[in-house]
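Structural description and commentary
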Amino acid sequence: MRTVDIVIIGSGIAGGLLARQLRLTCPDLGVLVLEAASAIVDHKVGESTVEVAAHYMVRRLNLGTYLYQHQLPKNGLRFFFDAEGKDLPLPRMSEIGSDHMPFHPSFQLERARLERDLVAMNRAAGAEVELGAKVIDVAIDGRGRHRVVYEQGGERREVACRWVCDASGRRHVLLRKLGVKVHKEARLNTAAAWGRYRGVAGLDAVTEPAWRSRVRHTSRHLSTNHFMYDGYWIWFIPLAGDLMSVGVVFDKDRIGEGSGAALRGPRTRAELERFLRAHRAVRDLLEGAELEDFQGYAHLPYHADRYFSTDRYAVTGEAGAFVDPFYSPGSDFIATSNEFITQMILADVRGDRAGFEERVAAYDAYYRFKYDSTLRLYEHMYPVFGCFELYRLKYLLDFNNYYNLVLWPFMADRVTDVGWIREELRLADLVLRALSTMGDHFAALARDLRARGEYFAQNEGRFANGLNGVAQLEARLGPAIDEGFRREQVDRAYGSVFAALLERRLGEPALSDRARVVSELRLPQVLTFRDITPERLARLLSRIGERMTRELRGEFPDAGVERVEIRPGGGGVSVTGPTEGTKAHGEVLSRAQALWDASAGSLAHVAL
C-alpha cells in the first residue's frame, strides 16, 4: 500500500483549489487527489464568485492572470424588478446595480473548464491527480494512518495517509462513512432548476440610449443578473464563450407544489422553459436561444454536525454545507474552509498539538456560525425579493455588512487567527439576533405593502446604485483593520436602514435622513425594537427630545428651556419654557428645528 500525506476526495472547484493551496503552502507534503469522474465535462452550477473567493484565488492561489485570461471579470451583482403581471420590458424594470466596475474584483467561472485547468496546474505543481478513481471506503485512524480504498480502471486500490479532506460535494463521501449527520435544512425551503443556453444575445444587446447611459455604458452582461419576484428569483450569468447560465431558485412554501401559486416552481426541463417564458423580459432575452442542458436540486440548504476533526479529517465546499446561491456565497465557503484546512495541517505537521486542537475547535465553531449567519440572511426573505423599494434597503444593509464584517477580515488575514475568531464568536448571538430581527422587520413591511397594494409601486423606472453602501470602504479595505471605523459602519448601516423602515412602516414623513434619529438607532437600540409601533416611535422621539433639551439648555443657559418635544406625524418641533413670541423663544425654537432637520448622511439616501 502506498503512502501519501494528504488525500483529497474530489477534484471539483473545492478540491482543486485546496490541492493548489496545499502545494503552494506545504510543498514538502505529498497530495493525492481522487476524482471519481474519468473526465471533467459536467456543467456545474456555482459560476458566480464574490469578493472573498476572488481575493482568495487571486492573492492566496496566484490565479489572477489565469482568471483574467480564461474566465470573465464580473460587474458585480445586479437586480431587476418587474410589475405584478410580469410584463415589463427590460429597460422599464427598476434596477439595482453599479454604473462602473466595482473596486474589488470578482469573476464568472465556467466551472468545467476551471476544474480541468486545475487538474493540469496541480499536476504541474507536484500533486498526484487520479481521474476515474471512485472512493469506496475510508478508515479513519486518529492515532496512526488513515486508509482510503478506491476503484480505478476496474481495479481496487488502497492508499495510506495522514489527512483525509473530503471535497466530494453532495455525495458527502466521508461524513456518510463516519456517520456524521448531514441535516436537511428546515428553516429555508428552497429548490432550484437551471441550464445553459447558447445564443443568448445578452443584456448589452438592448440598445435603448437612456437605459445604456444609466450605467454609463458599462456591461450589464458581465454582472450576475437577478430578476426578482415574490418567492423566487431568476439568474442570468455569462460564461466564457457563447453560453449563458440561466436558472431559477424558488421558495417551495411560496410557489412550490401544493402552494396554490398560479406559476409553480419548475422541476423538469420542460417546466423550466415554460416558467422562464412566462416573464416578458426573460422571454425577450431568450428569444432564439437554445437550452443545451438541464439540472436541478429538489432541496438546497443543508449542514453537518461537524466539519473539522482532531482525528485529522476535514470537509470543504458542498461536502459539508450549502445555504443558498443568492449572493453567490458557495465559493466564499470554499475559500474559508480551505484556509482553515491548510492552517490545521500546518499546525499538525509542526507537531504543535495544543495549537492544532485549538484551531480545530475554533474553526469548526466559526464555520457553523458562518453557516447559521448566512442562512439568516435568506430566512423568510423570499417574499421580500419582488419589491424594489424594500429590497433596495435590504441589499444596502447586506452589502455593507459583507464588505465590513466578512471581506475586510479575510483580506487582513484575520479569519484564521484563533484569537480573532474567539472575539467574533463572543458576538455570535448578537449577530444572529440582528439578522433575525431585521429579517422579521423586512418581512412585516412586505406584508404591509402587499396589503396596501403598494408592493410593486416602485418596480418600474427606478435605479439605485448598488455601490452606495460600500463606497466609503474603498480606501479602507486592506491588511490593517480599523475596529473603530468598522463599529461605526455597523451602527450607520443599521441606523440608516432601520430609520427608513420606521418611516415607511408608520407613514412617518422625512424621518429616515434625520441625524438625530439615525444616531439613536445604533445596533443595540435597533435590537430593542421587537416590533415597529407608534408607541415605540413615540418613545424614540421622546428620548431624542430629552437629549435636545439638555443641549439647548447648554447653548441657551438663560432662556429657561424646560422641554423640547418632537411631534409624530410630521408635527414638527416645539419648545416650552421661554415665553412664546419673545426673541429667546424664537432663537431656541429655530435652533431646535435646525438640530431636528440636520441630515444624517444616511446610507439609504446616498447617491453616487
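The structure displayed is predicted, hence computed values, not measured ones.

Conventions adopted
- Residues numbered from 1 in each chain as written.
- Predicted model: local features only at pLDDT ≥ 70, side-chain atom pairs only at ≥ 80, totals over all residues.
- Heavy atoms only, no water.
- Salt bridge = Lys/Arg side-chain N within 4 Å of Asp/Glu carboxyl O.
- Helix = DSSP H or I, 4+ residues; strand = E, 2+ residues; numbered from the N terminus.
- Axes fitted to C-alpha atoms, helices over the stretch in contact; angles between N-to-C directions.
- Parallel < 35°, antiparallel > 145°, perpendicular 65-115°, else oblique.
- Contact = heavy atoms within 4.5 Å.
- Nonpolar A, V, L, I, M, F, W, Y, C, P; charged D, E, K, R; others polar.
- Pairing = 2+ DSSP bridges.
- 1 Å grid on protein atoms, 1.4 Å probe; cavity = no way out; pocket = protein on both sides within 12 Å on 5 of 7 lines; lining within 4 Å.
- Points joined across faces, edges and corners; volume = space filled by probe spheres on them.
- Buried < 20%, exposed > 50% of the residue type's maximum accessible area, 1.4 Å probe, protein only.
- Phe/Tyr/Trp six-rings, centres within 6.5 Å; stacked < 30°, edge-to-face > 60°.
- Lys NZ or Arg CZ within 6 Å of the ring centre and 35° of its normal.
- Arc of directions from axis to C-beta.
- Core = buried A, V, L, I, M, F, W, Y, C linked by side-chain atoms within 4.5 Å.
- Left-handed = near helix turned anticlockwise from the far one by under 90°.
- Lys, Arg positive; Asp, Glu negative; His and termini not counted.

The final tally for this structure, using the stated rule, is 47 salt bridges. In this structure, Arg505 and Asp448 form a salt bridge, with 2.4 Å as the shortest nitrogen-oxygen distance. Here Asp448 lies in helix H14 (residues 428-452) and Arg505 lies in helix H15 (residues 483-506), a separation of 57 residues in the sequence. Look at the salt bridges and you will find they share partners, linking Glu389, Asp448, Arg452, Glu454, Arg504, Arg505 and Asp531 into a network.

This paragraph deals with the packing of helix H12 (residues 388-411) against H15. At a minimum axis distance of 10 Å, the contact between H12 and H15 shows a crossing angle of 170°. Here H12 is positioned roughly antiparallel relative to H15, judged by the angle of their axes. On the side of H12, the interface is formed by Glu389, Leu390, Leu393, Leu396, Leu397, Asn400, Asn401, Asn404, Leu405, Trp408 and Pro409, while H15 contributes Phe485, Arg486, Gln489, Val490, Ala493, Tyr494, Val497, Ala500, Leu501 and Arg504. Across the contact of H12 with H15, the residue classes tally to 14 nonpolar, four polar and three charged.

This part covers the sheet that holds strand E20 (residues 463-465). The pairing of strands in a sheet happens through backbone hydrogen bonds and is either parallel or antiparallel. The strand order across the open sheet built from eight strands is E16-E12-E15-E14-E13-E4-E5-E20, with neighbouring strands paired in mixed fashion. A strand with exactly one partner marks an edge of an open sheet, and here the two such strands are strand E16 (290-297) and E20. Each neighbouring strand pair of the sheet contributes to a mean axis angle of 15°, computed without reference to strand direction. Two strands pair when backbone bridges link them, and strand E12 (residues 190-198) and E16 are joined in this way by seven bridges, in the antiparallel orientation. Counted as the bridge partner of Gly195 is Phe294 from E16. Its contacts with the sheet place helix H8 (residues 269-276) against E12, strand E14 (232-239), strand E15 (243-251) and E16, and it is angled at close to 110° to E16. Where H12 meets the sheet, it contacts strand E4 (77-81), strand E5 (94-97), strand E13 (224-229) and E20, and its direction lies at approximately 5° from that of E5.

This part is about the layout of surface pockets. Counted as a void, the largest pocket has a volume near 1,200 Å³. Lining the largest pocket are 47 residues, and of these Asn401, Tyr402, Leu405, Val406 and Val431 sit closest to its centre. Each residue belonging to the lining of the largest pocket can be placed in one class, and the counts come to 26 nonpolar, nine polar and twelve charged.

Our focus in this paragraph is the pairing of E15. Within E15, nine of the nine residues are buried, leaving the element largely enclosed by the surrounding structure. Of the two faces of E15, the one lined by Leu243, Ser245, Gly247, Val249 and Asp251 and the one lined by Met244, Val246, Val248 and Phe250 are each fully buried. Direction of pairing for E12 relative to E15: antiparallel, over a ladder of nine bridges. Paired with Gly195 across the two strands is Val246, which belongs to E15. Here eight bridges tie E14 to E15, and the two strands are oriented antiparallel to one another.

All right, on to the packing of aromatic side chains then. Inspection of every chain in the model, using the stated rule, returns 41 aromatic pairs. When the ring of Tyr232 is compared with that of Phe275, the centres are 5.1 Å apart and the planes differ by 70°; the resulting orientation is edge-to-face. Here Tyr232, found in strand E14, pairs with Phe275, found in helix H8; they are 43 residues apart in sequence, far enough to count as distant. Neither residue differs from the other here; Tyr232 and Phe275 are each classed as buried. Sitting over the face of the ring of Tyr455, Arg450 holds its NZ or CZ atom 4.5 Å from the ring centroid. The positively charged end of Arg536 is found above the aromatic ring belonging to Phe529, 4.2 Å away from the centroid.

Moving on, we get to the pairing of E4. Where burial is concerned, most of E4 is hidden: five out of the five residues are buried. In terms of strand pairing, E4 meets E5 through three bridges, oriented antiparallel. What sits directly across from Phe80, in E5, is Glu95.

With that out of the way, let us pick up H8. Those residues of H8 that fall on the buried side of the exposure criterion are Leu272, Phe275 and Leu276. Down the axis of H8, the smallest arc covering the buried residues is 90°, so these residues share one side. Residues of H8 that are buried make contact with E12, E14, E15, helix H7 (252-255), helix H9 (280-285) and E16.

Here the focus is the nonpolar core. Core analysis: the largest hydrophobic core is formed by 176 residues, its most contacted members being Ile8, Phe79, Phe308, Met344, Tyr391, Phe442 and Leu501. With 14 residues, H12 is the single largest residue contributor to this core. Leaving out residues up to four positions away in the same chain, Phe308 has contacts with Tyr313, Ala314, Val315, Ser337, Phe340, Ile341, Met344, Val360, Tyr363, Asp364 and Tyr367. By size, the runner-up hydrophobic cluster in this structure holds 31 residues, among which are Phe80, Ala261, Phe275 and Ala281.

With their axes 11 Å apart at the nearest point, H14 and H15 run at an angle of 25° to one another. Considering their axes alone, H14 and H15 lie roughly parallel with respect to each other. Crossing hand, H14 versus H15: left-handed. Two secondary-structure elements touch here, H14 through Ala434, Leu435, Met438, His441, Phe442, Ala444, Leu445, Asp448, Leu449 and Arg452 and H15 through Tyr494, Val497, Phe498, Leu501, Arg504 and Arg505.

Inspection of the secondary structure puts Asp491 in helix H15. Summary of buried charges: Asp491 has no salt-bridge partner, and the nearest side chain of opposite charge, Arg522, is 4.7 Å away. For Asp491, the contacting residues outside a window of four places in its chain are Leu521, Arg522, Leu523 and Pro524.

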